[in-house]
Amino acid sequence: MSIALALSPLLAVGLGALLLMLVEAIGTKAGPVPGTFRDVRGLAVGAASTLFAGGAFAGCVWMYGVERIPGAASLAPWLILDPFTLFFDVLLCLGGAIAALLAGGYMPEHGLERGEFYALILFTTFGAMVLAAAGDALTLFLGLETMSIGAYAMTAFRRASARSAEGALKYFLLGSFAAAILLYGFALLYGATGHTDLAGIGSAARQAAGRSPLFILGAAFVLVGIVFKVSAVPFHAWTPDAYEGAPTPATAYMAVAVKAGAFAMLLRVLTLSLGSPAWTSWASGWPPVMATLALLTMTYANLVAGRQESVKRMLAYSSIAHAGYVLVGVTAMMRDPKQAVAGVLYYLVAYGVSTGGAFGALILCGSRGREAVSYEDIAGLGKRNPAVALAFSLFLVSLAGIPPMAGFFGKWLVFRAAIDAGLYKLTALAFLNSVVGAYYYLRVLVYMYMREPAAGAVTAAPMRSGFVVTALVVSAVLVLALGLTPTSYIDAAMSAAGVGASG
Amino acid sequence: MIPLEYYVALSALLFVIGGVGFLVRRNALVALMSIEVMLNAANLALVAFNRWRFEHVDARAYAGQDHTGQVFAFFVIAAEAAEVAVGLAIVLSLYRLRRTVRTDEADLLKN
């Protein structure tokens, strides 16, 4: 029984997903057009409330103290139930709920009223939560596949759109390729150490087995597979296409929850399996690799993002750039894992609510038949619809890392961890990058407030939707709360990081 | 008994064939098959390592009870099947819209 309590976030989301699928199959009536339903708004409410409930369960277990629940440790190493997991549960549920609310407005507006999208969000979130809790290669792989398969399907959701199918195909092929590499890496690690649990691999890494060619090759494959999923350059090729092709709520979901799940996996593997002194040293371990990836990711994404003609694609590149900043924090784990992990956790929340909100604001800018994608679509929005423009600005300012928004403290924590780890050059370059990055966020503001649409041009008319507004309010409140009163959130990230690092 | 090295070499060969096939061929279905070959290479490695540990390393410690690698392979097969189902659906939906399954002809999204 007490195990059920410890697992309540997972159970809530998993059972909710099954229930929602049942309701969708039995309860919704066929619409006038074959394959559509009259009204699936109820499902959006169901999905969002299930996810909020999952997050609330995780919060309650956190408050109660998961280490006080007898039997919670008995699921280790399959599922590690610790504050780190619960922190990610809250973040993933929040991201999923925002995406579900956005879908509740977006899907009916653009004629995509098919209920399975909400079940997909729930199953994908379930997979991501398993991934965040996974302490064994087996559960890690299953969680990763559950998450990824759902995300592929969500990307391909606009069945009439060739762009959607193309984005999904690229995402699917490269994602499964990455999963195969990751799996082969774990098979080699199993051969080298005889363990599939991450902590067992980690303890074997401290001995002679940790430097055997088999182990090194396996670890390299695992890391390649993971950085594919976090979309670090040069493994990012699928990201812009998948993000652009997917319906915008799915894009928001991938940018927030799928990315957070992938980083949870990266943190677990690096702390549990590759946390030995040899592997965390600059000379013989992963830090130089992570630093190079961070640098490439930030620089490339920031340079390309500025050249985009589509706001959605610009936000996709921005999400790659943010993965680069997070990787700076990951590199900093070489010296003081706890502080660095706390920085990364806070960053992921701050980035998540900001980018989720930004995609939400983009949804709100367009309406049926005319989605807002290009800069022209949002020109003069400050006059036409000040409320939407203000919300969009808030999220972009946060993404740019301007105080007092959430994004600023995220960057500050990550950069401070990097300085404490002695990574001065990397921090300086990351700082320069965030200055360059501000350019393309501010460009959107310039278009919204200082440009007028060309005379006679067809511009996107903002839509009206209570769902999208709710999602935006939730994100905006969090962006401001994380920015104005960061202390309690930083404390939460610190206590989640402590256990995540020690295992 | 066939030595472990044979299995590992075969598994590495399969993995390389799959990887090269994925990178070189432009047909989405062939790419899908290449991924399957890579996953099966991992399965073979898992089972071979498990069997080898069973014989040589853990025989006394686990009294032959350690089947982790073999069980892992079953889970991989199940996950693989789910992945292919979604993958084929995506290929099919692209084919319906573009009349092609070639990845180099899917070029609407650029930059």
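S.K.: How do you make sense of the overall build of chain B when you look at a structure like this?
M.R.: Within chain B, the regular secondary structure consists of 4 helices and 0 strands. Structurally, chain B occupies a C-alpha span of about 60 × 25 × 25 Å along its principal axes. By residue count, 33% of the 111 residues in chain B fall in the buried class. A fraction of 51% describes how many contacts in chain B between residues 6 or more apart in sequence connect residues 24 or more apart.

S.K.: Looking at this structure, I do not really get the overall build of chain A. What am I missing?
M.R.: Along its length, chain A carries 21 helices and 0 strands. Its C-alpha radius of gyration of 22 Å places chain A within 12% of the 23 Å reference for a compact globule of 503 residues. Along the longest, intermediate and shortest principal axes, the C-alpha atoms of chain A span 70 × 55 × 40 Å. Every one of the 503 residues in chain A was classed for burial, and the buried ones make up 66%. For chain A, restricting intrachain contacts to residue pairs at least 6 apart in sequence, the fraction spanning at least 24 positions comes to 80%.

S.K.: Is there a simple way to think about the environment of A:Gly261 in this case?
M.R.: All names here are of chain A. Looking at where Gly 261 falls in the secondary structure, it is placed in helix α11 (residues 248–273). Linking Gly 261 and Ala 133, residues 128 residues apart in sequence, is a C-alpha distance of 9.7 Å. Those residues in contact with Gly 261 that sit more than four places away from it in its chain are Leu 92, Ala 128, Leu 131, Ala 132 and Met 147.

S.K.: Explain the environment of A:Thr125 here, please?
M.R.: All names here are of chain A. Mapped onto the fold, Thr 125 is located in helix α5 (residues 116–133). With 24 residues separating them in the primary sequence, Thr 125 and Ile 149 have C-alpha atoms 11 Å apart. Those residues in contact with Thr 125, other than ones at most four positions away along the chain, are Val 13, Leu 51, Leu 92, Cys 93, Gly 96 and Ala 257.

S.K.: Can you walk me through the interface of chain A and chain B in this structure?
M.R.: Reports often express the size of an interface as the amount of accessible area lost when the parts come together. Of the residues lining the interface, 34 residues belong to chain A; the matching set on chain B comes to 35 residues. For the side of chain A that touches chain B, the elements supplying multiple residues, two or more each, are α6 (137–155), α7 (162–193) and α10 (238–245) of chain A. Examining the composition of the side of chain A that touches chain B, we find that 18 residues originate from one element, α7(A), more than from any other.

S.K.: When you look at the packing of helix α13 (residues 287–305) of chain A against helix α19 (residues 424–450) of chain A in this model, what are you seeing that I'm missing?
M.R.: Residues and elements named next belong to chain A. Contact pair α13 / α19: the axes reach a minimum separation of 9 Å and the direction vectors enclose 20°. As the angle between them shows, α13 and α19 are arranged roughly parallel. As α13 runs across α19, the sense of the crossing is left-handed. Residues Ala 291, Ala 294, Leu 295, Met 298, Thr 299, Asn 302 and Ala 305 of α13 form the contact with α19, whose participating residues are Leu 426, Leu 429, Ala 430, Asn 433, Val 436, Gly 437 and Tyr 440.

S.K.: In this structure, what is going on with the nonpolar core? I would like to understand it.
M.R.: Within soluble globular proteins, side chains that are nonpolar generally end up buried alongside one another. Counting 246 residues, the largest nonpolar core has A:Ala100, A:Tyr118, A:Leu183, A:Tyr184, A:Val344, A:Leu345 and B:Ala42 as the members making the most contacts within it. If one sorts the elements of this core by residue count, α7(A) sits on top with 21 residues. Filtering out sequence-adjacent residues up to four positions away, B:Ala42 remains in contact with A:Ala180, A:Leu183, A:Tyr184, A:Ala187 and B:Val76.

S.K.: Help me understand unusual backbone geometry, please; the structure alone is not making it clear to me.
M.R.: Peptide bonds are trans in most cases, and residues, glycine excluded, mostly fall at negative phi. For the bond running from A:Ala76 to A:Pro77, omega is 5°, close enough to zero to count as cis. Of the consecutive residues A:Val233 and A:Pro234, the connecting peptide bond is found in the cis state with omega at 5°. The residue A:Pro234 is located in the loop between α9 (213–229) and α10 in this model. Despite not being glycine, A:Ser231 shows a phi value in the positive range, around 55°. Among the secondary structure elements, A:Ser231 is positioned in the loop between α9 and α10. On the neighbour-count criterion, A:Ser231 (28 C-beta atoms within 10 Å) is buried. One non-glycine residue with positive phi stands out, namely B:Arg99, at about 60°. Residue position: B:Arg99 is located in the segment after α4 (68–98).

S.K.: I tried to follow the packing of α10(A) against helix α14 (residues 311–331) of chain A on my own but got confused; where do I start?
M.R.: A packed helix pair is summarised by two numbers, namely the angle formed by the two axes and the spacing between the axes. Residues and elements named next belong to chain A. Two numbers describe how α10 lies on α14: the axes approach to 9 Å, and their chain directions differ by 140°. For the element pair α10 / α14, the angle class is oblique. Crossing of α10 over α14 shows right-handed handedness. Side by side, α10 and α14 meet where Thr 239, Pro 240, Tyr 243 and Glu 244 of the first sit next to Lys 312, Arg 313, Ala 316, Tyr 317 and Ile 320 of the second. In terms of residue class, the contact of α10 with α14 is built from 5 nonpolar, 1 polar and 3 charged.

S.K.: Honestly, the environment of B:Ala106 in this entry has me stumped. Any pointers?
M.R.: All names here are of chain B. Mapped onto the elements, Ala 106 comes out in the segment after α4. Overall, the presence of 22 C-beta atoms within 10 Å leaves Ala 106 in the buried class. In this structure the C-alpha to C-alpha distance between Ala 106 and Leu 94, which are 12 residues apart in sequence, comes to 8.5 Å.

S.K.: Which parts of the structure should I look at to understand the confidence of the model for chain B?
M.R.: Close inspection of predicted coordinates is inappropriate in any region flagged by low pLDDT. All names here are of chain B. Model confidence for chain B is summarised by a mean pLDDT of 88, while 91% of its residues fall at 70 or above. Mean pLDDT per element in chain B: helix α3 (residues 59–62) is the minimum at 55, and helix α1 (residues 4–24) is the maximum at 95. Across the assembled chains, the prediction reports ipTM 0.95 with pTM 0.94.

S.K.: It is not clear to me how α14(A) should be interpreted in this structure. Could you clarify?
M.R.: It helps to recall that an α-helix has 3.6 residues per turn; residues three or four apart then point in one direction. Counted at 1.5 Å a residue, the expected span for α14(A) with its 21 residues is 30 Å, and the 30 Å between its end C-alpha atoms agrees. With 21 of 21 residues buried, α14(A) lies mostly within the body of the structure.

Quick notes on the rules
Residues numbered from 1 in each chain as written. Chains lettered and ligands numbered in written order. Predicted model: local features only at pLDDT ≥ 70, side-chain atom pairs only at ≥ 80, totals over all residues. Helix = DSSP H or I, 4+ residues; strand = E, 2+ residues; numbered from the N terminus. Buried ≥ 20, exposed ≤ 12 C-beta atoms within 10 Å, placed from the backbone. Contact = placed C-beta atoms within 7 Å. Rg over C-alpha atoms; globule rule 2.2 N^0.38 Å. Axes fitted to C-alpha atoms, helices over the stretch in contact; angles between N-to-C directions. Parallel < 35°, antiparallel > 145°, perpendicular 65-115°, else oblique. Left-handed = near helix turned anticlockwise from the far one by under 90°. Core = buried A, V, L, I, M, F, W, Y, C linked by C-beta atoms within 7 Å. Nonpolar A, V, L, I, M, F, W, Y, C, P; charged D, E, K, R; others polar. pLDDT = per-residue confidence, 0-100. Expected span 1.5 Å × (residues − 1).

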